[in-house]
Every structure is written in C-alpha cells, then in structure tokens.
Amino acid sequence: MNSVTDIWNRVLELLKTDLTTVAIDTWFSDCSPVDIRDNELILHCPSKFKKDVIEGRFLPIIKNALFEIFSGEFKVIIVTDDEIEKYRRAEKENSESNYDIYTFERFVVGNSNKFAHAAAKAVAEGFVKDYNPLFIYGDSGLGKTHLLHAIRIEMRKKHPEYNIVYVKGDDFTNELISAIQSGKNMEFREKYRNADLFLM
C-alpha cells in the first residue's frame, strides 16, 4: 500500500465485515482520503450532515480497520467542503515554513549535483524560459527537494505577488483521483493552471 487512496480502499474492504454494501455506498461513496500521517487519517466528506453521521456512528469501526492495517491507534479527522481549503492552506503554510531552511546557501554542492544546482539557481535568478520545464532526477538524498524549496524561497523574495504552488508527487496524484471521483476536475485544473511557478 503506497498511497492514502490504497489505504482508504483497504479500510472500505474491512468495513464490509460490519456494514452492508448499501450502508457503505450511502455514507462513504463520496468520501475521499486527503492525507495520512502521524497516526491521523484525514477524510473529505462533502456535507456536514454526512460528516456528523460518520463521526457519530462509524468512527469506531473505521479506527478498528486502521488498527487492523497498522497495528496502532489512529485518529480520524473529517473535513467538509467548507473546511478542506482551510485545511490545505494551513498544511501548505506549515509545510513551507518547515522547509524554509532549504536555501541555496545551505546546499552542499558536489560532483553528483552541481549541474542540478546550477540549473536551479538559473531558474531562481529569472532564467525561467530557458529551463521550462526543469526536470531534476536522481537518487534519494542528493538534494532534489532542497533545490525545489530553494527555488521557491528565492522566487518568493523576488516576486511576492507570484502564485507559487509546491506539491509532492503522491499528493498531486491523490488530488487528481479525488477530483475525478468528486467531479471537481475544473477546480483541480484551475489550481495548477493559475500557478506562476509550479514545483513538484
């Protein structure tokens, strides 16, 4: 199981031992997983009514399913349409502040990454058209994430008005699946098409 979607599908399978197919379809068909980390599963549910019913009637069996999968206690957080953007904004701000130490000044340049470093610096210095798109590939631990955040930090300093979107690859995939499932393809496209700088 690699993604939060895989985990949620496994949870739904386990719920079949306690609930009928009709009950699962009624209450969970339009729920989609948002994130899983630090022993928390975040679910998106479009209506407050469904959220209240799930929290009131089904949280214990969802937690039991998660315990069966991970052998550990999990907290389940359900966010509605009204709450999900607020949640994502808070996550983005949190994520960006945690990565603000990843600057060009702190990057250790070596033979394995000097070309990627030079290209990333060129993008941050404004040569965006020359490196569009810039694709950095390499083994784990060579500084790919560091360089992306260094670009973000430099561009934010020079162009505070820019809409800079940074997303992890698996989060992008999960958002795409969620948008398809909930019929929100337009919102998904707008989010990424309106970016002045897109980093993944």
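Residues numbered from 1 in each chain as written. Predicted model: local features only at pLDDT ≥ 70, side-chain atom pairs only at ≥ 80, totals over all residues. Heavy atoms only, no water.

Moving on, we get to the packing of helix H1 (residues 4-15) against helix H3 (residues 48-70). The geometry of H1 relative to H3 is characterised by a closest axis approach of 9 Å and an angle of 115 degrees between their N-to-C directions. With respect to the hand of their crossing, H1 and H3 are arranged in right-handed fashion. Note on element contacts: H3 touches H1 through Ile61, Ile62, Ala65, Leu66, Glu68, Ile69 and Phe70, opposite Ile7, Trp8, Arg10, Val11, Leu14 and Leu15. Split into classes, the residues belonging to the contact of H1 with H3 amount to 11 nonpolar, no polar and two charged. (Axes fitted to C-alpha atoms, helices over the stretch in contact; angles between N-to-C directions. Helix = DSSP H or I, 4+ residues; strand = E, 2+ residues; numbered from the N terminus. Left-handed = near helix turned anticlockwise from the far one by under 90°. Contact = heavy atoms within 4.5 Å. Nonpolar A, V, L, I, M, F, W, Y, C, P; charged D, E, K, R; others polar.)

Our focus in this paragraph is the pairing of strand E2 (residues 40-44). Counted residue by residue, E2 has five buried out of five residues, so it is predominantly covered. Because side chains alternate across E2, one face comprises the buried residues Glu40, Ile42 and His44, and the other comprises Leu41 and Leu43, equally buried. In the sheet, strand E1 (residues 32-37) pairs with E2 via five bridges, with the strands oriented antiparallel. Residue pairing across strands places Ser32 opposite His44, the latter belonging to E2. Looking at chain direction, E2 and strand E3 (residues 75-79) are connected through five bridges and run parallel. Among the inter-strand pairings, Ile42 is bridged to a residue of E3, identified as Ile77. (Buried < 20%, exposed > 50% of the residue type's maximum accessible area, 1.4 Å probe, protein only. Pairing = 2+ DSSP bridges.)

Since the α-helix packs 3.6 residues into each turn, any two residues three or four apart lie on the same face. If you check H3, its first and last C-alpha atoms are just 28 Å apart, much less than what 23 residues at 1.5 Å a residue would give, namely 33 Å. Most pronounced at Phe58, the bend in H3 amounts to some 70 degrees, and the proline Pro60 follows within four residues. Within H3 the residues assigned to the buried category are Lys50, Lys51, Val53, Ile54, Phe58, Leu59, Ile61, Ile62, Ala65, Leu66 and Ile69. Among the residues trailing H3, Ser71 stands out with phi positive, at a value near 55 degrees. (Expected span 1.5 Å × (residues − 1). Bend = angle between axes of the 7 residues up to and from the residue.)

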